[in-house]
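Per-entry structural report
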Number of protein chains: 2
Amino acid sequence: MTKPSMAGKHVEDGRYEQEEVQLAGRNRGTLLESLAYPITPTGMHYLLVHFDVPMAEPETWQLAITGLVSTPLTLSLDDLRQRPAVTTAVTLECAGNGRSLLHPRYVTQPWFHEAVSTARWTGIPLAPLLREAGLDDTCAELVFTGRDEGIQGGEVQFYQRSLSVAEAMDDGVLLAYEMNGEPLQPQHGFPLRLVVPGWYGMTSVKWLTKIEAVAEPFQGYQMVSSYRYSKGPDDPGEPVSHIRVRALMVPPGIPDFFSRARRLQPGLVTLQGRAWAGRVGIARVEVSVDGGSTWREAELEAPESPYSWTGWHCAWNAEPGTHTLCVRATDCAGNQQPMEPFWTRQGMGNNMVHRVGVQVE
Amino acid sequence: MTKPSMAGKHVEDGRYEQEEVQLAGRNRGTLLESLAYPITPTGMHYLLVHFDVPMAEPETWQLAITGLVSTPLTLSLDDLRQRPAVTTAVTLECAGNGRSLLHPRYVTQPWFHEAVSTARWTGIPLAPLLREAGLDDTCAELVFTGRDEGIQGGEVQFYQRSLSVAEAMDDGVLLAYEMNGEPLQPQHGFPLRLVVPGWYGMTSVKWLTKIEAVAEPFQGYQMVSSYRYSKGPDDPGEPVSHIRVRALMVPPGIPDFFSRARRLQPGLVTLQGRAWAGRVGIARVEVSVDGGSTWREAELEAPESPYSWTGWHCAWNAEPGTHTLCVRATDCAGNQQPMEPFWTRQGMGNNMVHRVGVQVE
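All values derive from a computational prediction rather than experimental measurement. Positions within a chain are numbered from 1, following the residues in the order the chain's sequence is written. Starting at A for chains and at 1 for ligands, labels are handed out in the order in which the entities are written. At least 70 in pLDDT is required for a residue's local features to be given in this predicted model, at least 80 for side-chain atom pairs to be given and counted, and no such filter applies to totals for whole chains, interfaces and linings, which use all residues. Excluded from the side-chain calculations are hydrogens and water; all other atoms, namely the structure's heavy atoms, are used.

Let us look at the overall build of chain A. Each helix corresponds to a stretch of at least 4 residues labelled H or I by DSSP, and each strand to a stretch of at least 2 residues labelled E; elements are numbered beginning at the N terminus. What chain A contains, in helices and strands, is five helices and 24 strands. Restricting the calculation to C-alpha atoms gives the radius of gyration, and the globule rule supplies 2.2 Å times the number of residues raised to the power 0.38. A compact globule built from 361 residues should have a C-alpha radius of gyration of about 21 Å, and chain A, at 21 Å, falls within 12% of that. For chain A, the C-alpha atoms occupy an extent of roughly 70 × 50 × 35 Å along the three principal directions. Burial classes: relative accessible area under 20% of the type maximum marks a residue as buried, over 50% as exposed, and values in between as partly exposed (1.4 Å probe, protein chains only). Classification of the 361 residues of chain A by burial places 60% in the buried group. Note on definitions: a residue-residue contact is assigned when non-hydrogen atoms from the two residues lie within 4.5 Å. Long-range contacts, defined here as pairs at least 24 residues apart, represent 72% of the contacts in chain A between residues at least 6 apart. In this description, accessible areas are obtained by the Shrake-Rupley approach with a 1.4 Å probe, and a residue is regarded as covered only by the protein chains that are shown. Accessible surface for chain A amounts to roughly 13,400 Å². Of this, 51% is attributable to carbon and sulfur atoms. Across chain A, the centroid of the 30 positively charged side chains sits 4 Å from that of the 41 negatively charged ones. In this tally, Asp and Glu contribute negative charge and Lys and Arg positive charge; neither His nor the terminal groups of the chain are included. A charged residue contributes its charge at one atom only: NZ of Lys, CZ of Arg, CG of Asp or CD of Glu.

As structure tokens, this is what we get:
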């Protein structure tokens, strides 16, 4: 029963630890076929919960805005709901999406491709609230604290992340209390969560209870020890921030239950999917039906918001045989997805090209 | 890249295949902390989808009742919604729940404890509809077909399961179009699914398109090759049917992110959870705080319906040290959960006692 913990270790044999399977059962990916929906149905939205989902009592719940502010605020959910609300479609992605495609692979939540979804979030913009609280000139960052408590890297902690003042004051940042027109579900942060468009999902703190203005960059576990583009154990690496360019495909045809290998009838098929690049628009999506040797351009659909993914589609005349379909996106800043894995120690931001093998009969 | 498939194989080294992790990311368990809710929030309900979630168009969707009937019926969703509806709380559980606690372990969807949830399902009872169609005297079974198509065990198939006439005519059997007061979400069977209370979840066919009355027991893959209490490769085994008695506990304290090991402050804590036994009531729930050496009786709450789980709770004065908490249920037919695994080849119905290790500081 007692075996050495594999937390923080790397493996390369393509097999997985029990703890990883437990995490995969808790932290669900979206189903790739749900990429057919411009807005992911709520129950199909991917989920990453570090600790446990807390039970919240909305009647007694409060948000404190505190620290280096001239007017500390304590707000009930009703206080927040009485302010002018906005609704925005936002694509969120877990920073670890693509980790399980790496060799060696960091042992933790084992994502393949599926940790991305888009929802319509309703709430109040954060900036006016911070202006009302009056940030002190000495304030460098805002620290966001969730009610979810647990242990990671040996440290007992509430889940906490920070943003610089400029990042927190960005127009897109929301305190959201609805998702797809309904109150947040418990696992998505009920009653209130931060939503930071364009950033990987770790930034959008769920079950938000406190926003603290502080003078120094926050040194919490989730800032300093996790979510880093580290190349090795002695390299702190750059912090993970904005979502990198990526496209995914709805796997065509029908799946094998166990392997998810795809089988398809010959003839014309519309390949489709979604592409996104954080706060940068999508310039181009290309599809290959020969494993990346040749590429054709897909047609793009208009995204619902500057923060949501872009639909793409492309006709393919499927001929009998085995094919490796690929899709790659290029963003408006000129970044293109690589064919090879983007390896970092913690498996962050690996946006390599999505490949789908299909057998046409 | 090409390695021999592990489908249908057994492993005993406690490690997992990539395909199992892929399945775990698709087929999510409920979060054990959600056992605190008498009705599982929709987005936290466990999910087992054999193939892909189909996109359904509710306007053109039809249910056919066909085969050995005097009046074949073709019903739109509106036709069904105009009939008198009922709402019932039903606990559903995957037959493979507990599979990953077995040694050796069948390589497939790797459930630990978490493939169980309770929802309020709204729909129309099936029996009156079958009476209206007029089952022929030669009818032995009803075959239920979903729109989800794929490959399993080498066979291309729509997902199909059957019930005997008596089982299908049971008062509790519903054609459900709402879950927790909302239209079904796509992954739970939109627009219509079968709900068969008391049976393991494989019976409650999602994306239901056809009910066919047939004269012989249906020999489809999901009846004959899967969902069997088989003891070995040459033993067909008894078919899996009603849900076996089981109880689970909300893990107390706070978790370690990776291992899910629990840490707790000393003092009085209320242990709580749910117990269920298919169509049989729960007679008794017992809790042990010493790994099963001694047991105390938990208090039971009234279940919402004859088909839903029973809440239980029990006070515990947690003293410093390491403890193995256990919970076991006994049903009204006298069946009690075993301390040891219930091993079958496919890992079906393993209702061994739930153990939760906690460290009290």
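Continuing now.
We now examine the relation of the copies chain A and chain B. The transformation that overlays chain A on chain B combines an axial shift of 0.0 Å with a rotation of 180°, and the residual RMSD is 0.0 Å. Given the turn and translation reported, the copies of this chain are related as if by a two-fold rotation axis. Relative to the rotation axis, the C-alpha of A:Gly43 is the closest in chain A, positioned 2.1 Å from it. The residues that chain A uses at the interface reappear at the interface of chain B in 100% of cases, marking a shared surface. Here the copies are superposed with least squares, the fitted atoms being C-alpha atoms of residues at a pLDDT of at least 70 in both.

Right, let's talk about the UniProt feature "domain: Oxidoreductase molybdopterin-binding" (unreviewed entry) in chain A for a bit. UniProt positions are given in the numbering used here, feature names are shortened, and annotations may be inferred rather than shown by experiment. In the numbering used here, UniProt assigns the feature "domain: Oxidoreductase molybdopterin-binding" (unreviewed entry) to residues 50-221 of chain A. Within the segment residues 50-221 of chain A, helix and strand shares are 10% and 41% respectively, and the terminal C-alpha atoms sit 12 Å apart.

Our next topic: the domain arrangement of chain A. Many analyses report the size of an interface as the accessible area lost when the parts associate. Residue and element names in this part refer to chain A. Here the domain parsing of chain A yields domain 1 (10-239) and domain 2 (246-360). How far each domain reaches was decided by an automatic or database domain assignment. On a C-alpha basis, the centroid separation for the pair domain 1 and domain 2 is 26 Å. Residue-level contacts link 43 residues of domain 1 with 27 residues of domain 2. In this description, buried area is defined as the sum, over both parts, of the accessible area (probe of 1.4 Å) that is lost when the two are combined. Between domain 1 and domain 2 the total buried area reaches about 3,300 Å² when both faces are included, carbon and sulfur atoms providing 57% of it. The largest contributions to the domain 1 side of the interface with domain 2 come from Leu35, Leu102 and His113, which together make up 18% of the buried area. Here a polar contact means two N or O atoms within 3.5 Å. Within protein one must be a hydrogen donor candidate and the other an acceptor candidate, and residues neighboring in sequence count only if both atoms are side-chain atoms. For the pair domain 1 and domain 2, the number of links is 22 residue pairs in polar contact (both at pLDDT 80 or more). For the side of domain 1 that touches domain 2, the elements supplying multiple residues, two or more each, are strand 4 (86-93), strand 6 (116-125) and strand 13 (228-229). Counting residues per element, the side of domain 1 that touches domain 2 draws most heavily on strand 4, at five residues. Under this grouping Gly is polar, as are all residues other than the nonpolar Ala, Val, Leu, Ile, Met, Phe, Trp, Tyr, Cys and Pro and the charged Asp, Glu, Lys and Arg. Taken together, the residues that form the side of domain 1 that touches domain 2 break down as 19 nonpolar, 17 polar and seven charged.

Structurally, B:Gly181 is set in the loop between strand 9 (174-179) and strand 10 (182-183). Residues B:Gly181 and B:Trp121 lie 60 residues apart in sequence; the distance between their C-alpha atoms is 7.8 Å.

Opposite the 61 residues of chain A that make contact, chain B presents 61 residues. In total, chain A and chain B occlude about 5,800 Å² of area from one another, counting both sides; carbon and sulfur atoms represent 59% of this. Three residues, A:Arg15, A:Phe257 and A:Phe258, lead the burial of chain A against chain B; their summed loss comes to 16% of the area buried on that side. For the salt bridge of B:Arg15 with A:Glu17, the shortest nitrogen-to-oxygen distance reads 3.0 Å. The tally of links between chain A and chain B comes to 32 residue pairs in polar contact (both at pLDDT 80 or more). Sorting the residues of the side of chain A that touches chain B by element identifies helix 1 (18-26), strand 7 (141-152), strand 16 (254-255) and strand 17 (262-264) of chain A as the ones contributing at least two each. If you tally residues by element for the side of chain A that touches chain B, the top one is helix 1 of chain A, at nine residues. When grouped by side-chain class, the residues that make up the side of chain A that touches chain B number 29 nonpolar, 17 polar and 15 charged. Salt bridge, as applied in this entry: a Lys or Arg side-chain nitrogen positioned within 4 Å of an Asp or Glu carboxyl oxygen.

The next subject is the sheet that holds strand 24 (residues 354-360) of chain B. We call two strands paired when DSSP finds no fewer than two bridges between them. One open sheet holds the six strands; their spatial order is 16-17-24-23-19-20 (chain B), and the pairing between them is mixed. This sheet does not close on itself; its edge strands, each paired only once, are strand 16 (254-255) and strand 20 (296-297) of chain B.

Turning next to the side chain of A:His323. Residues and elements named next belong to chain A. Tracing the backbone shows His323 in strand 23 (residues 321-331). Within polar-contact distance, the side chain of His323 engages the backbone oxygen of Glu319 at 2.6 Å. Apart from residues no more than four positions distant in its own chain, His323 is found in contact with Val289, Trp316, Val356, Gly357, Val358 and Val360.

Pairing of aromatic rings covers Phe, Tyr and the six-membered ring of Trp, with a centre-to-centre limit of 6.5 Å; geometry is then stacked below 30 degrees between planes, edge-to-face above 60, and tilted otherwise. Applying the stated criterion across every chain yields a total of eight aromatic pairs over all chains. A ring is scored as having a charge over it whenever the NZ atom of a lysine or the CZ atom of an arginine sits within 6 Å of its centre and within 35 degrees of its normal. It is A:Lys231 that lies over the ring of A:Phe342; its NZ or CZ is 5.3 Å from the centre.

Residues and elements named next belong to chain A. Here nine bridges tie strand 7 to strand 8 (residues 155-164), and the two strands are oriented antiparallel to one another. Of the residues in strand 8, the one forming a bridge with Ile151 is Val156. Hairpin connection between strand 7 and strand 8: a loop of two residues separates the two successive antiparallel strands, and Gly153 in this loop has a positive phi of roughly 55°.

Further remarks concern the UniProt feature "domain: Moybdenum cofactor oxidoreductase dimerisation" (unreviewed entry) in chain A. When the UniProt feature table is mapped onto this chain numbering, "domain: Moybdenum cofactor oxidoreductase dimerisation" (unreviewed entry) sits at residues 266-360 of chain A. Segment residues 266-360 of chain A splits into 0% helix and 51% strand. End C-alpha atoms: 6 Å apart.

All right, on to the sheet that holds strand 2 (residues 62-67) of chain B then. Residue and element names in this part refer to chain B. Taken in spatial order, the five strands make up an open sheet running 3-2-12-7-8, and their pairing is mixed. The sheet terminates laterally at strand 3 (73-76) and strand 8 (155-164), the two strands that pair on one side only. Going from strand to strand, the sheet's axes swing by 25° on average, the running direction of each strand aside. The sheet contact formed by strand 7 (residues 141-152) and strand 12 (residues 208-214) spans six bridges and is antiparallel. Bridge pairing in strand 12 places Phe144 opposite Ile211. Structural elements are reduced to axes, namely lines fitted to C-alpha atoms, with helices fitted over the stretch in contact, and the angle between N-to-C directions of any two is expressed from 0 to 180 degrees.

Bringing helix 1 (residues 18-26) of chain B into the picture now. Of all nine residues that make up helix 1 of chain B, eight are buried, and the element is covered over most of its length. Listed in full, the buried residues belonging to helix 1 of chain B are B:Glu19, B:Glu20, B:Val21, B:Gln22, B:Leu23, B:Ala24, B:Gly25 and B:Arg26. Elements in contact with the buried residues of helix 1 of chain B: helix 1 of chain A together with strand 5 (105-106) of chain B.

With that settled, consider the side chain of A:Thr344. Residues and elements named next belong to chain A. Note that Thr344 resides in the loop between strand 23 and strand 24 (354-360). Within the structure, the side chain of Thr344 is placed 3.0 Å from the backbone nitrogen of Met348, a separation counted as a polar contact. Sequence-distant contacts of Thr344, that is, excluding residues within four places in its chain, are made with Leu102, Tyr229, Ser230 and Lys231.

It is worth spelling out helix 3 (residues 126-133) of chain A at this point. All of the buried residues along helix 3 of chain A are A:Leu126, A:Ala127, A:Leu129, A:Leu130 and A:Ala133. Here the buried residues of helix 3 of chain A occupy an arc of 165° about the axis, which is enough to place them on one side. Here, the arc refers to the directions that run from the helix axis to the C-beta atoms.

As a further point, take the pattern of salt bridges. Inspection of every chain in the model, using the stated rule, returns 33 salt bridges over all chains. Measuring nitrogen to oxygen at the nearest pair gives 2.6 Å for the salt bridge that ties B:Arg262 to A:Asp52. Here B:Arg262 is found in strand 17 (residues 262-264), whereas its partner A:Asp52 is found in the loop between helix 1 and strand 2 (62-67) on a different chain. Taking relative accessible area as the criterion, B:Arg262 reaches 7% and is therefore assigned buried. Between B:Arg81 and B:Glu178 there is a salt bridge, with the nearest N and O atoms lying 3.8 Å from each other. Of this pair, B:Arg81 sits in helix 2 (residues 77-81) while B:Glu178 sits in strand 9, and the two are 97 residues apart along the sequence. The exposure class assigned to B:Arg81 is partly exposed, which follows from its relative accessible area of 35%. If you follow the salt bridges from partner to partner, you end up with A:Arg26, A:Asp52, B:Glu33, B:Arg260 and B:Arg262 in one network.

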